[in-house]
Amino acid sequence: MYEQQSHYLLNSILDQLKPEIRKRDLRHFYTRLGANFYAIHGLFSRLYGQREDFQQQLLKLVSVMATQYIARSPTLKLLDITREEDHHWFLRQEWVGMALYLDGFADNLTGLAGRLPYLQELGINMLHVMPILECPPGASDGGYAVSNFRNINARAGSLEELEDLGAELRRRNMLLTLDVVVNHTSDRHEWAQRARAGEQAYRDYYYIFDNRDIPDLFEETMPEIFPETAPGNFTFDEQMNKWVMTVFHQYQWDLNYTNPKVFVEMLANVFYYANLGVDVVRIDAPAFIWKQMGTSCQNLPEAHQLLQLIKMCVEVATPGMAILGEAIVAPAQIMEY
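Bear in mind that the values here come from a model prediction, so they are computed numbers and not experimental data.

Counting 93 residues, the largest nonpolar core has Leu61, Met65, Tyr257, Phe263 and Tyr273 as its most contacted members. With near-sequence residues (within four places) excluded, Met65 lies in contact with Phe29, Leu33, Ile40, Phe271, Cys313, Val316 and Ala317. The next biggest cluster of nonpolar side chains, apart from the first, holds 13 residues, and it includes Tyr207, Met222, Met245 and Val247.

See below:
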C-alpha cells in the first residue's frame, strides 16, 4: 500500500472511533500514529491481511492504542515526551541492572521499596523483578504460567503497591522491568476456562484439535523443549476431549497468534503495565509466538513481525516504555533479534 493510501485509510479509521475516544485530547497520539501507521498497517496486513475481518481488527487495534493512551497518567505522558526527545535513552551506559526474585530478596513489593537506598549504594539503577503476575500455586512454571494478566500474585503485594514502587523508582531515576508472558497462558486462565466450557471464540485463542491428526503433523518437525519432564508438544484435555498445543508444560496452553484478536488482547496487557509505570517490559519466549506446520515453530519471520508490531504500537501509545525481548535462541541467531 502506498503511504498516501495508508493515510487515507487511517483517516477513515479515526472517523470510526467511538465518540468517547474522539472527544478526548489526542494530539500527541494522532501525531505518533500518523508517523507510524504506514509501518503498523504494513505489518498488520502481512500477518492478517487475508482475513475477511481485517478492517474490523485494524480498527480494534487502533481503538486499543487510543484507549490505553487516554488511560495514561499525566506524569507518564510527560515522561513519554521527555524520552521521545532522547529516543536512545534506554541504550545509555549509565544503566546498571539487577534481576531478582522478589520473595527471595525482599519478601514483597513493600520490602523491595524499603531496600532501594541499599541498591542505590551498590550502583543499581535498573531493577528486573522476576515474574510476579498471578499464577496457580503448584502449576506456575516459576511465574510464567499466567492465570490473570491484570493482577499480580498476592504474596508480592497489590497493583497499587506496584504502581507506588514504579513512582518511587522514577523519583530516584531508577528503572522498573517486569516480565509479561505472551506465548501462552495457564490452563486456568479465563480464556482457557471459557474454551473448556465450549465457547468457540476462545477455543480460537489456542491450538485445539479434535484428534491427533494435525498434532502429529506438527510433531514431525517441532523439537521438544522439556523432553524428560514434559514430553511432546500437545496435551489431551479430558474436559474438552480434545488436544491442545502445550509446548512448554501441560498446564501452559500456547496462544494462537494467527488470530488477530489474540494479538490485540495481549498488546492491551502490555499497555496495562506500561500505564502502571513499568519502564521496560520483558517479553518472555518471543521466538515461539508464531506456529507453522512443517517448521520448528521457532524464530519464524512472523514472530519477528509480531515483535516489530508490538514495538511500533508502543511507540504510539506508551513511548516512554521500552520493550526487551528474551532472545532464547542459539548464538548464531541472536543478531536477528
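Phi angles above zero are rare outside glycine, and Asn173 is one such case at about 60°. As for its position among the elements, Asn173 is in the loop between helix H9 (159-171) and strand E5 (175-181). Looking at Asn173, the relative accessible area reads 48%, which means it is partly exposed. Here the phi dihedral of Asn299 falls at roughly 60°; this positive angle occurs in a residue that is not glycine. Within the element layout of this structure, Asn299 appears in the loop between strand E11 (280-284) and helix H14 (301-317).

As a further point, take a nonpolar patch on the surface. Side chains of Ile214, Leu217 and Met293 sit close together on the surface and give an oily, nonpolar patch of about 230 Å² of accessible area. Among the secondary structure elements, Leu217 is positioned in helix H12 (residues 213-219).

Now for the sheet that holds E11. Where strands meet in a sheet, backbone hydrogen bonds hold them as pairs that are either parallel or antiparallel. Reading across the sheet, the five strands line up as E1-E2-E5-E11-E12 and stay open at both edges, with parallel pairing between neighbours. Only two strands of the sheet have a single partner each, and these edge strands are strand E1 (97-100) and strand E12 (322-325). Ignoring strand direction, the axes of neighbouring strands in this sheet form an average angle of 25°. As defined by bridge partners, strand E2 (residues 126-129) adjoins E5 across four bridges and the pair is classed as parallel. Paired with His128 across the two strands is Thr177, which belongs to E5. Here H9 sits on the sheet and contacts E2 and E5; the angle it forms with E5, its principal contact strand, is near 140°.

The next thing to look at is the sheet that holds strand E8 (residues 234-237). In space, the three strands of this open sheet follow the order E7-E9-E8, with antiparallel pairing throughout. If you trace the sheet from one side to the other, it starts and ends with strand E7 (208-209) and E8, each paired once. Relative to strand E9 (residues 242-245), E7 runs antiparallel, the two sharing two bridges. Looking across to E9, one finds that Phe209 is bridged to Trp243.

Bringing a negative patch on the surface into the picture now. On the surface, a cluster of negative charge is contributed by Glu160, Glu161, Glu163 and Asp164. The topology assignment puts Glu163 in helix H9.

Moving on, we come to the packing of aromatic side chains. For the structure on display, the rule yields 19 aromatic pairs. Judged by centre distance (5.5 Å) and plane angle (85°), the rings of Trp89 and Phe90 are edge-to-face. For Phe90, a relative accessible area of 39% gives the class partly exposed. Between the aromatic rings of Phe209 and Phe234, the centroid separation amounts to 6.1 Å while the plane-to-plane angle is 65°, which identifies the pairing as edge-to-face. Of the two residues, Phe209 is situated in strand E7 and Phe234 in strand E8; the sequence distance between them amounts to 25 residues. Grouping residues by exposure puts Phe209 and Phe234 together as buried. Through a chain of ring-to-ring contacts, the aromatic side chains of Phe44, Tyr48, Phe54, Phe263 and Trp290 assemble into a single cluster. Positioned above the aromatic ring of Tyr69 is the side chain of Lys77, whose terminal nitrogen or guanidinium carbon lies 4.3 Å from the ring centre.

Scoring rules and cut-offs
Residues numbered from 1 in each chain as written. Predicted model: local features only at pLDDT ≥ 70, side-chain atom pairs only at ≥ 80, totals over all residues. Heavy atoms only, no water. Core = buried A, V, L, I, M, F, W, Y, C linked by side-chain atoms within 4.5 Å. Buried < 20%, exposed > 50% of the residue type's maximum accessible area, 1.4 Å probe, protein only. Contact = heavy atoms within 4.5 Å. Helix = DSSP H or I, 4+ residues; strand = E, 2+ residues; numbered from the N terminus. Patch = residues over 30% accessible without salt bridge, like charges linked within 9 Å, V, L, I, M, F, W, Y side chains within 5 Å. Areas by Shrake-Rupley, 256 points an atom, 1.4 Å probe, with all protein chains shown as cover. Salt bridge = Lys/Arg side-chain N within 4 Å of Asp/Glu carboxyl O. Pairing = 2+ DSSP bridges. Axes fitted to C-alpha atoms, helices over the stretch in contact; angles between N-to-C directions. Lys, Arg positive; Asp, Glu negative; His and termini not counted. Charge placed at Lys NZ, Arg CZ, Asp CG, Glu CD. Phe/Tyr/Trp six-rings, centres within 6.5 Å; stacked < 30°, edge-to-face > 60°. Lys NZ or Arg CZ within 6 Å of the ring centre and 35° of its normal.

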